[in-house]
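# Topology and contacts: notes
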Amino acid sequence: MSSASSMVDWDLAGRTARRLISPGPSTTREEAAGVVRDLHEAAAVAVGHVEKLTGMRPVPGGAVPEVAVVDRPGWVDANASGMAALLNPLVEALTARQQTRPGPLATAIGSRATGVQAGGILAFLSSRVLGQYEVFGTGGRLLLVAPNIVATERKLGVDPADFRLWVCLHEVTHQLQFTAVPWLKGHLEAEIARFVEATDLTPDVLRERLQDVLRGLSDAVRGGNGESEGLLALVRDPEQRAVLDRVTAVMSLVEGHAEYVMDGVGPDVVPSVRTLRKRFAQRRKGRGPLDRVLRRLLGLEQKMKQYAQGRVFVGGVVDLVGMEGFNRVWDGPENLPRIEELTAPERWVERVLGRPAIPA
């Protein structure tokens, strides 16, 4: 997973995360087996509901995605591999452009230090993520993190069957996005390639910018409420920022689409959906000073905006032109929303559909 030239020792990151992972909720062996069974069934049931609501279907003949119910260490292993696959090309590009390269000892020390830091981040996230569709890395798997789902449903005091199906509706929507729109993964990979091409930072400059970000987090330690881009603040090149804007718009679309679907199925499918949404919204706010610091460092405050803006965009477009009109967004990269259109869906309708955005 790691190489001598890597800036992050991903093997060490995985081992570090495993040591730091907090224990999951207490369950008997029978209860755990029942959760795994329920999640597999909920994921299968969710497929039909998502396809019916969205009007989307997987491309015929495509691979059937695997559904994997995992524990926290399993999630860490999958994401260490995924992060390595996503970030190593950027690291290699940085290394290749250096006029003078650090020696093998300095590289090894640096990669171990960042590996420990990455492990801490993975450990933090491993107790919070409920599920995900793997786009990069191993690719094509739908992961459901059983202990986190159980812990959350208990903490929220909600019906387990409803909550498990509700979570699966969100993740299955992501699965359908990438199986019904095969060009989407390649588009994101191409944008990442453009990001790498625009990168001209040296490791020294990257280190200095990281230190600036860490210093900026001192406000959060003191209880400040200011917002932070976290690690995104490391990127200052205008061309890279433009790429990030486009990627942010795409990710806001896919997240907002999943949010729309998980609420849009209605109480006939998930009887307690209104209660779930209300209580789950409180969970996303995060509590405690350490939680606030880590959320800002990782840019998770921006992630929350992404969910909200994407949901506004999808709901707004559907209100204006219906689901069939909205689905034109998947016709090609040129139809994807621009970042300024996320909060002004009528501008997307006028640009893509060529007609005034007048509600029916």
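Note that the structure is a prediction, hence the values are computed from the model and not measured.

Turning our attention to the overall build of the protein chain. Looking only at helices and strands, the protein chain features 14 helices and 3 strands. Put simply, the protein chain has 360 residues, and 46% of those count as buried. Carbon and sulfur atoms make up 56% of the accessible area of the protein chain, which totals about 17700 Å².

Let's shift gears to the sheet that holds strand β1 (residues 66-70). Read across the sheet, 3 strands follow the order β1-β3-β2 without closing on themselves; strand pairing throughout is mixed. Only two strands of the sheet have a single partner each, and these edge strands are β1 and β2 (131-133). The mean angle between the axes of side-by-side strands here comes to 15 degrees, regardless of whether they run parallel or antiparallel. Summarising the sheet, β1 and strand β3 (residues 141-145) pair through 5 bridges and their orientation is parallel. From the neighbouring strand, A68 faces β3, where its bridge partner is L143. Contacting β2 and β3, helix α6 (residues 160-180) runs over the sheet at an angle of about 10 degrees to β2.

The next subject is helix α11 (residues 273-283). Within α11 the residues assigned to the buried category are V273, L276, R277 and F280. Buried residues of α11, seen end-on, are gathered within an arc of 95 degrees and therefore sit on one face of the element. Counted as exposed and oriented over 90 degrees from the buried face of α11: R274 and K278.

A few words now on the packing of α6 against helix α10 (residues 238-264). It is at 8 Å that the axes of α6 and α10 come closest, and there the two elements cross at 135 degrees. Judged by the angle between their axes, α6 and α10 are oblique. With respect to the hand of their crossing, α6 and α10 are arranged in right-handed fashion. Residues W166, L169, H170, T173, H174 and Q177 of α6 touch α10, and the partners they reach there are V254, E255, H257, A258, E259, V261, M262 and D263. Taken together, the residues of the contact of α6 with α10 sort by class into 6 nonpolar, 5 polar and 3 charged.

What follows is about the pattern of salt bridges. One pass over the full model with this rule turns up 12 salt bridges. Salt-bridge contacts for E341 lead to R351; the nearest nitrogen and oxygen are separated by 2.7 Å. One end of the pair, E341, is in the loop between α13 (300-326) and α14 (345-353); the other, R351, is in helix α14, and 10 residues separate them in sequence. Each of D38, E153 and R164 takes part in one network of salt bridges that share partners.

Attention now goes to the packing of aromatic side chains. If you walk through the whole model with that rule in mind, you get 6 aromatic pairs. Their ring planes at 55 degrees and their centres at 6.2 Å tell us that F163 and F280 sit as a pair that is tilted. With F163 in helix α6 and F280 in helix α11, this pair connects stretches of sequence that are 117 residues apart. Across the pair, F280 and F163 agree in class, each one buried. When the centroid spacing of 6.2 Å and the interplanar angle of 90 degrees are considered together, the rings of F326 and W330 count as edge-to-face.

The next point concerns the pairing of β3. Most of β3 sits out of view: 4 of its 5 residues are buried. Relative to β3, β2 runs antiparallel, the two sharing 3 bridges. What sits directly across from Q132, in β3, is L143.

Attention now moves to helix α5 (residues 146-156). The buried fraction of α5 is high, at 8 of 11 residues. Within α5, the full set of buried residues consists of A146, P147, N148, I149, V150, T152, E153 and L156. Backbone geometry just downstream of α5 places G157 in the positive-phi region, at approximately 65 degrees.

The rules behind these values
- Residues numbered from 1 in each chain as written.
- Predicted model: local features only at pLDDT ≥ 70, side-chain atom pairs only at ≥ 80, totals over all residues.
- Heavy atoms only, no water.
- Helix = DSSP H or I, 4+ residues; strand = E, 2+ residues; numbered from the N terminus.
- Buried < 20%, exposed > 50% of the residue type's maximum accessible area, 1.4 Å probe, protein only.
- Areas by Shrake-Rupley, 256 points an atom, 1.4 Å probe, with all protein chains shown as cover.
- Pairing = 2+ DSSP bridges.
- Axes fitted to C-alpha atoms, helices over the stretch in contact; angles between N-to-C directions.
- Contact = heavy atoms within 4.5 Å.
- Arc of directions from axis to C-beta.
- Parallel < 35°, antiparallel > 145°, perpendicular 65-115°, else oblique.
- Left-handed = near helix turned anticlockwise from the far one by under 90°.
- Nonpolar A, V, L, I, M, F, W, Y, C, P; charged D, E, K, R; others polar.
- Salt bridge = Lys/Arg side-chain N within 4 Å of Asp/Glu carboxyl O.
- Phe/Tyr/Trp six-rings, centres within 6.5 Å; stacked < 30°, edge-to-face > 60°.

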